[in-house]
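# Tertiary structure, described
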Amino acid sequence: MTDPIKAEAIFDAMGAVLTRWTMGSAAAPAASFWRAELGEDPAEAELRLLALSGQFLGAAVVMEPAAALRLLPDIPALALPTIQEAQRPLVRRILAARKQAQVGTELVHFLAERGWTVHPADWMPEADADDAPDIYAPWRDWAAIAASDSATRQQANDHLTADNWEDFWPAARKAALAELRRRDPFTARQVLEAKLASENADTRLRLLSLMSERLSDDDIAFLEGIAADDRAPKVKALAASLLARLGRGPAAGEDIAELAGFFSVKTKGLLRRSRVVQAEALKTPAQVQRRKALFESAGLASFCGALGLAPQELIAAWEWNLDHAADLALINLIVATGTDAHVAQAAEAINQHDAAGLVVTLAPRLAPADRARHAEAAMNAHNIRFELAQLIAGPAARLDNPLSAPAGKTLLVALQREDTKPSDHVAELHALGLIASREGARQSLQRLTAAGLLQGDPRLDMLRLNAALDDKGAKP
């Protein structure tokens with residue numbers, strides 16, 4: 001065993017030994033060098049081989065480090081505290097029970113809105129995890145450093161400027177630019193004007209999207225330059241979309257006129273005559289595709305102009321729920337090219353016409369408080385499920401008594417049926433835990449356990465985490 005040649009021969013044979021065991025075969029014939037020690041009894045030989053190989057691998061084999069070891073920097077501390085140790089098991093259970101990436105994203109956004117972050121041993125974002133909250137930007141950059149072959153560089157601690165742009169790692173740079181845009185939109189645009197062209201197309205797209213915050217007429221010249229000269233069509237399209245929100249959308253032309261031809265503006269009512277916009281019936285799949293394509297290249301203002309209406313008049317006159325494809329196309333048009341006021345008006349109109357599912361598309365452009373209000377209104381008026389309400393409300397929701405909504409009553413009845421399985425309604429209970437306030441979560445737990453669910457039911461993990469978590473976040 002002390003002979004280095006013999007040790008290497010044994011180590012080389014270990015592969016065949018382990019392969020045979022993995023396949024359920026006897027491995028002693030592959031360890032001829034231990035024939036004397038293994039003996040003649042096949043069963044006894046396998047036991048002796050197990051003991052000898054385990055001792056050999058444990059005592060004589062040392063894992064060699066990779067050729068190029070690097071000393072990584074410590075994982076950075078985040079601006080929000082890590083959740084308390086007592087709540088980490090619940091976080092791990094939620095992440096393990098529902099392994100979809102979306103669940104992890106929802107959870108970290110929920111925690112960030114409540115003023116907390118996860119422990120790095122429980123969850124770490126990838127370097128390209130753009131859907132992670134900005135609070136995790138230092139960890140995303142740490143992941144990029146760990147995955148790169150280049151030497152680490154010092155992270156700047158100053159405010160972002162054009163001069164120190166290269167001192168920031170990508171995720172921290174985007175988070176710093178977003179903060180600067182919220183605080184000082186003029187300076188943020190100046191930084192972008194100086195540095196945007198030096199980035200690749202995907203990065204330019206992500207950074208330019210930050211311009212939607214505090215968008216104003218002061219941004220028109222910069223956006224017009226991007227829309228005209230950028231190398232990437234998707235970046236040019238985003239700039240054109242932002243310009244359209246400022247009333248600088250595509251001019252009315254033949255395509256817009258053709259799109260308007262798919263609709264009619266009529267009047268209704270004998271005493272209080274009002275206008276309605278109706279979609280003409282489409283007769284062929286080609287017409288469906290043509291209308292869809294025309295919507296994708298249109299602007300809200302030019303479409304309204306072709307119909308002879310102002311945008312707010314179009315939204316008020318639209319007949320919802322008669323042509324779902326047309327409804328969705330209009331909502332997408334408003335999201336891409338409408339002002340914040342148009343988005344808010346469309347959300348109100350949708351909720352009044354029992355088309356709550358369309359609010360999900362509008363929700364990212366609504367303020368957090370409006371998202372929560374629309375979700376609660378839709379739950380009470382239109383009996384939508386908690387899963388849909390959570391998509392509308394977003395991570396900042398704090399609904400005080402969601403179980404009193406029709407969706408809650410339906411859920412309680414369903415949970416008490418005799419044929420209900422322990423795996424039923426997992427997603428609905430998880431969504432309930434995401435949208436409830438802390439007090440709402442506590443009340444929901446009491447009602448659900450009173451209805452027969454066990455205190456330790458894993459379907460209640462999100463509600464338990466919510467109820468146990470001190471709410472230190474900003475209220476929407």
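Refer to the structure printed above.
So, a few notes on the structure that sits alongside this text. Please read these numbers as outputs of a predicted model, since none were measured by experiment.

### Digging into the overall build of the chain
Each helix and strand in the chain was counted, giving 24 helices and two strands. Expected size for 476 residues packed as a compact globule is a radius of gyration near 23 Å; at 30 Å, the chain overshoots this value by more than 25%. For the C-alpha atoms alone, the extent of the chain along its principal axes is close to 105 × 65 × 50 Å. Buried residues in the chain amount to 43% of all 476 residues. Nonlocal contacts in the chain, meaning residues at least 24 apart in sequence, comprise 61% of its contacts between residues at least 6 apart. Of the roughly 24900 Å² of accessible surface on the chain, 54% is carried by carbon and sulfur atoms. The distance from the centre of the 52 positive side-chain charges to the centre of the 62 negative ones in the chain is 5 Å.

### A short note on the pattern of salt bridges
As enumerated under the stated definition, the model contains 30 salt bridges in all. Between Glu258 and Arg290 there is a salt bridge, with its nearest N and O atoms 2.8 Å apart. A residue pair is termed long-range when its members are at least 10 positions apart, and Glu258 in helix H12 (residues 254–260) and Arg290 in helix H13 (residues 285–296) qualify at 32 residues. Taking the relative accessible area as the measure of exposure, Glu258 reaches 32% and is therefore partly exposed.

### Side note on the environment of Leu90
The residue Leu90 is located in helix H4 (residues 88–97) in this model. Since its relative accessible area comes to 15%, Leu90 is described here as buried. The spacing of Leu90 and Ala329 is 239 residues in sequence and 41 Å in space, taken between C-alpha atoms. Setting aside residues no more than four positions away along its own chain, Leu90 makes contact with Asp461, Arg464 and Leu465.

### Examining the nonpolar core
By size, the foremost hydrophobic cluster in this structure holds 67 residues, and its most contacted members are Phe263, Phe303 and Leu314. Looking at this core, the element that brings in the most residues is helix H16 (residues 324–337), giving seven residues. Sequence-distant contacts of Phe303, that is, excluding residues within four places in its chain, are made with Ile256, Leu259, Ala260, Phe263, Phe295, Leu314, Trp318, Leu330 and Leu333. Core analysis: the next-biggest nonpolar cluster, separate from the first, contains 27 residues, Ala172, Ala188, Leu207 and Ala232 among them.

### Let's talk about the packing of helix H7 (residues 170–183) against helix H8 (residues 185–195)
Look at H7 against H8: their axes get within 6 Å of each other, and the N-to-C directions meet at 140°. The pairing of H7 with H8 is recorded here as oblique in orientation. In this structure, H7 contributes Leu177, Leu180, Arg181 and Arg183 to the contact, and H8 contributes Pro185, Thr187, Ala188, Arg189, Val191 and Leu192. Grouping the amino acids of the contact of H7 with H8 by side-chain chemistry returns six nonpolar, one polar and three charged.

### A word on a nonpolar patch on the surface
A cluster of nonpolar side chains, contributed by Phe11, Leu18 and Leu57, occupies part of the molecular surface with about 250 Å² of accessible area. Examined against the element boundaries, Phe11 turns out to sit in helix H1 (residues 4–22). Judged by its relative accessible area of 44%, Phe11 falls in the partly exposed class.

### Quick notes on helix H9 (residues 201–209)
Residues of H9 that are buried include every one of Thr203, Arg204, Leu207 and Leu208, and no others. For H9, the arc enclosing every buried residue in end-on projection is 125°, short of the 170-degree limit, so these residues lie on one face. Looking at the buried residues of H9, the elements they touch are H7, H8, helix H10 (220–229) and helix H11 (233–245). Its side-chain oxygen 3.2 Å from the backbone nitrogen of Asp202, Asn200 forms the N-cap of H9.

### Comments concerning the side chain of Lys195
Tracing the chain through its elements places Lys195 in helix H8. Here Lys195 occupies a buried position and makes no salt bridge, while the nearest side chain of opposite charge, Glu166, is found at 4.4 Å. Setting aside its immediate chain neighbours within four residues, Lys195 contacts Ala162, Trp165 and Glu166.

### Section: H10
Of all the positions in H10, only Ile220, Phe222, Leu223 and Ile226 are classed as buried. Seen from one end, H10 has its buried residues packed into an arc of 165°, which puts them on one side. Along H10, the residues that are exposed and aim more than 90 degrees away from the buried face are Ala221 and Asp229. On the buried face of H10, the contacting elements are H8, H9 and H11.

### Here we look at the environment of Leu223
On the secondary structure map, Leu223 appears in helix H10. Using a relative accessible area of 0% as the deciding quantity, one classes Leu223 as buried. For Leu223 and Thr117, which are 106 residues apart along the polypeptide, the C-alpha to C-alpha distance reads 36 Å. Setting aside residues no more than four positions away along its own chain, Leu223 makes contact with Leu208, Met211, Leu215, Ala239, Leu242, Leu243 and Leu246.

### Observations regarding unusual backbone geometry
Not every positive phi belongs to a glycine, and Asn383 is a case in point at roughly 60°. By relative accessible area, Asn383 is classed as partly exposed at 43%. The residue His425 is not glycine, and still its phi comes out positive at about 60°. Among the secondary structure elements, His425 is positioned in the loop between helix H21 (406–415) and helix H22 (426–435). Residue His425 is classed as partly exposed on the basis of its relative accessible area, which comes to 28%.

### Some points on the packing of aromatic side chains
Inspection of the entire model under this criterion finds nine aromatic pairs. Between Phe33 and Trp34 the ring centres are 5.1 Å apart and the planes differ by 70°, which places this aromatic pair in the edge-to-face class. On the basis of relative accessibility, which here comes to 24%, the residue Phe33 falls in the partly exposed class. With centroids separated by 5.1 Å and ring planes inclined at 75°, the aromatic side chains of Trp123 and Tyr136 adopt a geometry described as edge-to-face. You can see Trp123 sitting in the loop between helix H5 (101–113) and helix H6 (137–147) and its partner Tyr136 sitting in the loop between H5 and H6, a full 13 residues away along the chain.

What counts, and at which threshold
Residues numbered from 1 in each chain as written. Predicted model: local features only at pLDDT ≥ 70, side-chain atom pairs only at ≥ 80, totals over all residues. Heavy atoms only, no water. Helix = DSSP H or I, 4+ residues; strand = E, 2+ residues; numbered from the N terminus. Rg over C-alpha atoms; globule rule 2.2 N^0.38 Å. Buried < 20%, exposed > 50% of the residue type's maximum accessible area, 1.4 Å probe, protein only. Contact = heavy atoms within 4.5 Å. Areas by Shrake-Rupley, 256 points an atom, 1.4 Å probe, with all protein chains shown as cover. Lys, Arg positive; Asp, Glu negative; His and termini not counted. Charge placed at Lys NZ, Arg CZ, Asp CG, Glu CD. Salt bridge = Lys/Arg side-chain N within 4 Å of Asp/Glu carboxyl O. Core = buried A, V, L, I, M, F, W, Y, C linked by side-chain atoms within 4.5 Å. Axes fitted to C-alpha atoms, helices over the stretch in contact; angles between N-to-C directions. Parallel < 35°, antiparallel > 145°, perpendicular 65-115°, else oblique. Nonpolar A, V, L, I, M, F, W, Y, C, P; charged D, E, K, R; others polar. Patch = residues over 30% accessible without salt bridge, like charges linked within 9 Å, V, L, I, M, F, W, Y side chains within 5 Å. Arc of directions from axis to C-beta. Polar contact = N/O pair within 3.5 Å; in protein donor to acceptor, adjacent residues only side chain to side chain. Phe/Tyr/Trp six-rings, centres within 6.5 Å; stacked < 30°, edge-to-face > 60°.

Scope: geometric values only; no functional claims are made or implied.
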